Every structure is written in C-alpha cells, then in structure tokens.
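Here are the chains, one letter per residue:
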Amino acid sequence: EAGVTQFPSHSVIEKGQTVTLRCDPISGHDNLYWYRRVMGKEIKFLLHFVKESKQDESGMPNNRFLAERTGGTYSTLKVQPAELEDSGVYFCASSQVSGEGGEQYFGPGTRLTVT
Amino acid sequence: QQQVKQSPQSLIVQKGGISIINCAYENTAFDYFPWYQQFPGKGPALLIAIRPDVSEKKEGRFTISFNKSAKQFSLHIMDSQPGDSATYFCAVLYPGGTSYGKLTFGQGTILTVHP
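Residues numbered from 1 in each chain as written. Chains lettered and ligands numbered in written order. Predicted model: local features only at pLDDT ≥ 70, side-chain atom pairs only at ≥ 80, totals over all residues. Heavy atoms only, no water.

Peer 1: Help me understand the interface of chain B and chain A, please; the structure alone is not making it clear to me.
Peer 2: Many descriptions give the size of an interface as the accessible area lost when the pieces come together. Across the boundary between the two partners, chain B contributes 22 residues, which contact 21 residues of chain A. Taken together, both faces of the contact between chain B and chain A bury some 1,800 Å²; the carbon and sulfur share is 53%. For the chain B face of the interface with chain A, the top three residues by lost area are B:Tyr100, B:Phe105 and B:Gln107, together amounting to 26%. Put simply, chain B and chain A have 0 salt bridges between them. For the interface between chain B and chain A, the tally reads 2 residue pairs in polar contact (both at pLDDT 80 or more). Within the residue set of the side of chain B that touches chain A, elements represented by two or more residues are strand E4 (33-38), strand E9 (86-93) and strand E10 (103-105) of chain B. A class-by-class count of the residues in the side of chain B that touches chain A yields 9 nonpolar, 10 polar and 3 charged. (Contact = heavy atoms within 4.5 Å. Buried area = accessible area lost by both parts, 1.4 Å probe. Salt bridge = Lys/Arg side-chain N within 4 Å of Asp/Glu carboxyl O. Polar contact = N/O pair within 3.5 Å; in protein donor to acceptor, adjacent residues only side chain to side chain. Helix = DSSP H or I, 4+ residues; strand = E, 2+ residues; numbered from the N terminus. Nonpolar A, V, L, I, M, F, W, Y, C, P; charged D, E, K, R; others polar.)

Structure follows, in structure tokens:
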C-alpha cells in the first residue's frame with residue numbers, strides 16, 4: 001500500500017512569490033491533515049479535512065494560506081505571497097477515521113525555504 | 001502558549017543504555033497520548049500510545065509511563081540501539097468537538113545512540 005506522498009520535497013522561493021504544496025493521502029482515507037514544523041520547534045497543526053470539507057482550520061496562520069481538497073482526494077496548500085517566517089517543513093497526514101482510533105500516517109514533508 | 005512541553009531537546013546514550021524522554025501537558029481534557037518517531041527525510045510515525053486509564057504501556061523495548069495527577073508522561077527505550085537514533089515527539093490528541101483528531105506535539109528530542 002502506498003503511503004502519503006508530498007510534492008515537492010523541497011522548494012526555495014523568494015519572499016512575495018507563490019508556492020503550492022501537494023499532498024496525496026493514502027487511498028480511502030477521508031481525513032487529511034496539514035502540519036508545519038518551523039526549525040527546531042514543535043510540529044504545529046494547520047488544518048483538518050474530512051473528505052472535501054474543512055473540519056478544523058484553527059491552525060492556519062493567516063489568509064495568505066489557502067488549503068483545498070477538491071473531490072476529497074489530494075489536497076493543495078498554497079502560500080501567497082510567501083513571507084520569510086513561512087519557512088519550515090510542511091507535513092501532510094491522513095487517517096481512515098479521526099480521533100484515537102485513526103492513526104495518522106505522515107508524509108515525508110515538503111521543506112519550504114523563503115529567501 | 002505551548003500546551004505540551006518536552007525534554008530534553010537532545011539526548012546521547014550508549015548502546016544498551018536506557019533513553020528517557022519526558023513530556024508535560026496542561027489540559028486535563030486530553031485523553032490520548034502518542035509518541036512519534038521520525039528518521040531523517042521521513043515523516044513522523046506512530047511508535048506507541050497510551051490512554052490515561054493506565055499508568056504504563058510496554059511494547060517491546062519501548063515503554064510509556066503515565067502520571068495523570070502530575071500531567072506528565074514519558075517514553076523509556078530500554079537496551080537502546082544505534083537504529084533508535086531519531087527524533088522523538090510526544091503528542092496529545094484533542095478529545096472531541098471540531099478539533100477531534102488534531103494532534104498537538106512537543107518540541108521533539110533528538111536521540112543519538114552511540115555504538
């Protein structure tokens with residue numbers, strides 16, 4: 001079974017540019033999560049999709065971030081315009097069910113560097 | 001406000017030794033406490049988890065000890081091996097509501113096991 005995949009693995013962009021990160025969850029997983037880890041700090045929750053609906057987007061930093069999950073399959077996270085503080089590793093995770101019974105499987109992450 | 005505090009930030013042990021990583025949380029509503037293991041270039045992967053109705057859970061060389069009154073839990077790795085060298089994250093899971101499924105992580109501990 002294929003795991004969670006993320007693209008690209010690395011992205012280096014200049015401040016003010018736009019970047020779109022993609023996540024393909026494990027097939028059949030209705031729950032999809034985005035997290036971010038800024039260097040040396042904790043992994044922070046960004047948002048949670050159930051199918052194509054946003055269940056919880058309380059962790060989204062500001063309106064420069066836009067997440068979509070059209071059709072309830074893959075998801076994209078767009079940052080526009082990017083700022084220096086957006087640098088970090090963005091992880092996507094998916095689970096079959098939410099909560100304790102739903103183990104979250106993480107992708108390898110996208111390392112975003114904003115210069 | 002950091003809801004989960006993890007220590008130490010880094011840990012070096014000799015092969016065969018015991019590795020101990022500690023976490024403290026604030027919100028008594030949390031009811032699921034997983035530990036994640038992350039190798040370089042990979043995403044975090046669930047290692048072991050505990051619910052607050054038990055004080056200890058053991059899986060192979062990995063043990064979680066849980067102290068509900070102190071709001072602390074720890075990971076013990078017995079007979080540590082070089083292959084255990086990784087970053088370890090403790091986490092807590094929100095118990096319900098729209099945030100059900102949201103993981104809150106500690107800052108991570110870089111474990112190095114010397115041969």
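Read on for the rest.
Peer 1: I keep staring at the pattern of salt bridges and nothing clicks. Help me out?
Peer 2: Residues and elements named next belong to chain B. Inspection of the entire model under this criterion finds 6 salt bridges over all chains. One salt bridge in this structure joins glutamate 59 and lysine 57, with 3.6 Å as the shortest N-O distance. The partly exposed category is assigned to lysine 57, whose relative accessible area is 32%. (Buried < 20%, exposed > 50% of the residue type's maximum accessible area, 1.4 Å probe, protein only.)

Peer 1: Looking at this model, I keep getting lost on the sheet that holds strand E3 (residues 19-25) of chain B. Mind explaining?
Peer 2: Residue and element names in this part refer to chain B. The 5 strands lie next to each other as E1-E3-E8-E7-E6, forming an open sheet whose pairing is antiparallel. Across the chains shown, the open sheet's two edge strands, defined by having one partner strand only, are strand E1 (4-7) and strand E6 (56-59). Geometrically, the sheet is characterised by an average inter-axis angle of 15 degrees between neighbouring strands, direction not taken into account. As paired elements, E1 and E3 share 4 bridges and run antiparallel to each other. Within the sheet, the bridge partner assigned to serine 7 lies in E3 and is asparagine 22. (Pairing = 2+ DSSP bridges. Axes fitted to C-alpha atoms, helices over the stretch in contact; angles between N-to-C directions.)

Peer 1: Could you clarify how one ought to interpret the sheet that holds strand E8 (residues 75-79) of chain A in this entry?
Peer 2: Hydrogen bonds between backbone groups are what pair the strands of a sheet, and the pairing can be parallel or antiparallel. Residue and element names in this part refer to chain A. One open sheet accounts for 4 strands, arranged E1-E3-E8-E7; its pairing is antiparallel. Each edge of the open sheet is held by one strand with a lone partner, namely strand E1 (5-7) and strand E7 (65-68). Between one strand axis and the next, the sheet turns by 15 degrees as a mean value, whatever way the strands run. For E7 and E8, the ladder comprises 4 bridges, and the chain directions are antiparallel. Considered in E8, the bridge of glutamate 68 is made with threonine 76.

Peer 1: Can you help me understand the pairing of strand E4 (residues 31-37) of chain A in this one?
Peer 2: Two faces make up the sheet, and in a regular strand the side chains alternate between them. Residue and element names in this part refer to chain A. E4 sits mainly inside the fold: 7 of its 7 residues count as buried. Residue alternation in E4 divides its side chains into two sets, Asn31, Tyr33, Tyr35 and Arg37 and Leu32, Trp34 and Arg36, and both sets are buried. The pairing of E4 with strand E5 (residues 43-50) spans 7 bridges and is antiparallel. By the bridge assignment, tyrosine 33 is partnered in E5 with histidine 48.

Peer 1: Is there a simple way to explain the nonpolar core in this structure?
Peer 2: Nonpolar side chains tend toward joint burial in soluble globular proteins. In terms of nonpolar packing, the biggest core is built from 25 residues, with B:Phe33, B:Trp35, B:Phe73, B:Leu75 and B:Tyr88 touching the most fellow members. If you list the elements that add at least two residues to this core, you get strand E2 (10-14), E3, E4, strand E5 (45-50), strand E7 (62-67), strand E8 (72-77), E9 and strand E11 (109-114) of chain B. Per-element tally for this core: the top contributor is E9(B), with 4 residues. Each residue touching B:Leu75, except ones within four places of it in the same chain, is listed here: B:Ser19, B:Ile20, B:Ile21, B:Trp35, B:Leu47, B:Ile48, B:Phe62, B:Thr63 and B:Tyr88. Grouped together as the second largest cluster of nonpolar side chains are 21 residues, A:Cys23, A:Met60, A:Ala67 and A:Val79 included. (Core = buried A, V, L, I, M, F, W, Y, C linked by side-chain atoms within 4.5 Å.)

Peer 1: What is the right way to read unusual backbone geometry from this model?
Peer 2: Residue A:Pro8 is reached from A:Phe7 by a cis peptide bond, and omega for that bond is -5 degrees. When you line up the elements, A:Pro8 lands in the loop between E1 and strand E2 (10-13). Residue A:Pro81 is reached from A:Gln80 by a cis peptide bond, and omega for that bond is -10 degrees. For A:Pro81, the location among the structural elements is in the loop between E8 and strand E9 (88-95). The phi dihedral of A:Lys51 falls on the positive side, at around 55 degrees, and the residue is not glycine. Overall, A:Lys51 belongs to the partly exposed group, its relative accessible area being 45%. In this structure, B:Asp79 takes a positive phi of about 45 degrees despite not being glycine.

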